[in-house]
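Close look at the chain arrangement
Listed below, chain by chain, are the residues.
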Amino acid sequence: MADNGSSVEIVEGCRLPVLRKNQEHEDEWPLAEILSVKEVSGRKLYYVHYIDFNKRLDEWVTSDRLDMKKLQFPKKEAKTPTKNGLPGSRPSSPEREVRKSLDLNLQSATAPSRGKTLPTPKRKVETVPLATQVSPATPVPSLPSSAEASQASVFPAVRDTNTFKSREDHDQLASLTTNGTARRLIPAQPGRKRKANCGGTDEDSQDSSDGIPSAPRMTGSLVSDRSHDDIVTRMKNIECIELGRHRLKPWYFSPYPQELTTLPILYLCEFCLKYLKSLKCLQRHLTKCNLRHPPGNEIYRKGTISFFEIDGRKNKTYSQNLCLLAKCFLDHKTLYYDTDPFLFYVMTEYDSKGFHIVGYFSKEKESTEDYNVACILTLPPYQRRGYGKLLIEFSYELSKVEGKTGTPEKPLSDLGLLSYRSYWSQTILEILMDLKPDNGERPQITINEISEITSVKKEDVISTLQYLNLINYYKGQYILTLSEDIVEGHERAMQKRHLRIDPKCLHFTPKDWSKRGKW
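Residues numbered from 1 in each chain as written. Predicted model: local features only at pLDDT ≥ 70, side-chain atom pairs only at ≥ 80, totals over all residues. Heavy atoms only, no water.

1. Structural notes on the UniProt feature "active site" (unreviewed entry) in the protein chain
Filter applied, for reference: UniProt positions are given in the numbering used here, feature names are shortened, and annotations may be inferred rather than shown by experiment. Strands here mean DSSP runs of E at least two residues long; helices mean DSSP runs of H or I at least four residues long; both are numbered from the N terminus. Each residue is placed in one exposure class: buried if its accessible area under a 1.4 Å probe, protein chains only, is under 20% of its type's maximum, exposed if it is over 50%, and partly exposed if it falls in between.
As annotated by UniProt and renumbered to match this structure, "active site" (unreviewed entry) occupies Glu409. Along the chain, the position of Glu409 falls in the loop between strand S18 (407-408) and helix H6 (414-434). Judged by its relative accessible area of 1%, Glu409 is buried.

2. Re the sheet that holds strand S8 (residues 241-243)
Heads up, the condition is: We treat two strands as partners when DSSP finds at least two bridges between them.
One open sheet holds the four strands; their spatial order is S9-S8-S10-S11, and the pairing between them is mixed. Pairing within the sheet leaves two strands with one partner each, and these edge strands are strand S9 (246-248) and strand S11 (275-276). Relative to S11, strand S10 (residues 266-268) is paired through two bridges, and the arrangement is antiparallel. The residue bridging Leu268 from the neighbouring strand is Tyr275, located in S11.

3. Some thoughts on the packing of helix H5 (residues 387-402) against H6
For clarity, the cut-off: Interaxial angles span 0 to 180 degrees and are taken between N-to-C directions of axes, which are lines fitted to C-alpha atoms, for helices over the stretch in contact. The labels follow the angle: roughly parallel below 35 degrees, roughly antiparallel above 145, roughly perpendicular from 65 to 115, and oblique for the rest. Here is the rule for handedness: rotate from the far helix to the near one, and if that takes an anticlockwise turn smaller than a right angle the crossing is left-handed, while a clockwise turn gives right-handed. The contact definition used throughout considers only heavy atoms, calling two residues in contact when any of these lie within 4.5 Å.
Closest axis-to-axis distance for the H5/H6 pair is 10 Å, and the angle between their directions is 60°. With respect to each other, H5 and H6 are oriented oblique. For the pair H5 and H6, the crossing hand works out as right-handed. Here Lys389, Ile392, Glu393, Ser395 and Tyr396 of H5 come into contact with H6, specifically with Ser419, Tyr420, Ser422, Tyr423, Trp424 and Gln426.

4. Details of the nonpolar core
Basically, it comes down to this: For this analysis, a nonpolar core means a set of buried residues of the types Ala, Val, Leu, Ile, Met, Phe, Trp, Tyr and Cys, connected via side-chain atoms within 4.5 Å. Reported domain spans reflect what an automatic or database domain assignment gives.
If you look at the biggest cluster of nonpolar residues, it comprises 79 residues, and the most contacted ones within it are Phe307, Leu325, Tyr360, Phe394, Leu432 and Leu465. Lining this core are residues from two domains, each supplying at least three of them: domain 2 (236-291) and domain 3 (426-505). Other than its neighbours up to four places away in sequence, Phe307 contacts Asn297, Glu298, Ile299, Tyr300, Val346, Met347, Leu390, Leu391, Phe394 and Ile501. Formed by 13 residues, the second largest nonpolar core is a distinct cluster that contains Ile34, Val48, Met68 and Leu71.

Here you go:
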């Protein structure tokens, strides 16, 4: 297929099938977009993004992996004809005039002139009944309002899936969102301003409808503003990172200095995370670097696992270096050099050489939306070993000490969503299975009680129960039914989960950041 490449020039924006290996190491030809073209030693290389695949799979390919027979050239943007010399207005047509007159009869507002636009009317959010989340044979009324939801009660059945009497006949299940509406559980699409609900929402719907930009938040958010994406930030710019005894292949773009992006390997000090351009520079730096653990206070230690609390204002350089490293593996978050509003909790593994970074999460010092995590990452060498759940569990242990319920900042990455869903499922099932019958009655518990015990936000509890399909409607009551499959699957998962946070080993005193003039 490379023979056709000489006759047709492939430019940025072209789409065509590209050969790659799937997880079973079989050949496949997914459609890909050409993001960049370069020539190395007289040979052309193409940077491709596989359509509908995660960006971390983007790569440089040679021309022999391109299927030139199905080449699609980028579509030119059609220029809109102008009316009265104003761009953006189309010339009027008889059909448009008729339609316009009909619209004028239906609406009292006059048509905008001279390029001005009327504010778009807000659409009403449709309430989705809970029946969409429950088995089709079960009749379920629509969800109650948020006022009724605060009194929600649910009752787990025992393993033989029998039902039992409710604590109150008129108790109703809480709705999925705080305004009494239910939303589908889909990952959020990143937008300009975010005020995310559980499970993710369309970010753009949160923008001010009157066209007036909302005031910037005083507390920082790490949600990426995808409206400013360009071809540079869509491409990986670091080839390889050496961090201690590990070499890491970055997944995404990270704004390291431009001169470092051409290096075959970027060297990082694993204790202070300073980036250096050569192994010789790293060796010279290690003779002067006195750190053998992250800066800040060690607030947890059990066995070889430790957690350090780092203030983004007091340890700004370390925090910025940590953000640069994390951005290599996080696509949905952006980097803020102003790390002052954040606390960073770094998990390490100890050996004779020091405390080696395993992963971290950050959180805002003051969150108006009950976020207990802004960014969370387990470094690739430590993934699939239980460290992700340990980070999540630690974030909720901090929330318990603070006496709050918390939720991660949305949108979550694909791997983050999987980890959180798994943690929420195991945590909630652990509570339900430990419930004891009361005076011979079936055990009962409310959504609010689950939330208070776990510090998991109420919306996350409900979305997890629906995701597990535990909620049923029986004789006018919402009940939770634990089937044998659910119980056995949970027991198998808990047997594999060896790493747990021990609250006795946590030495943490929360600070009231609202009383401090400056962080």
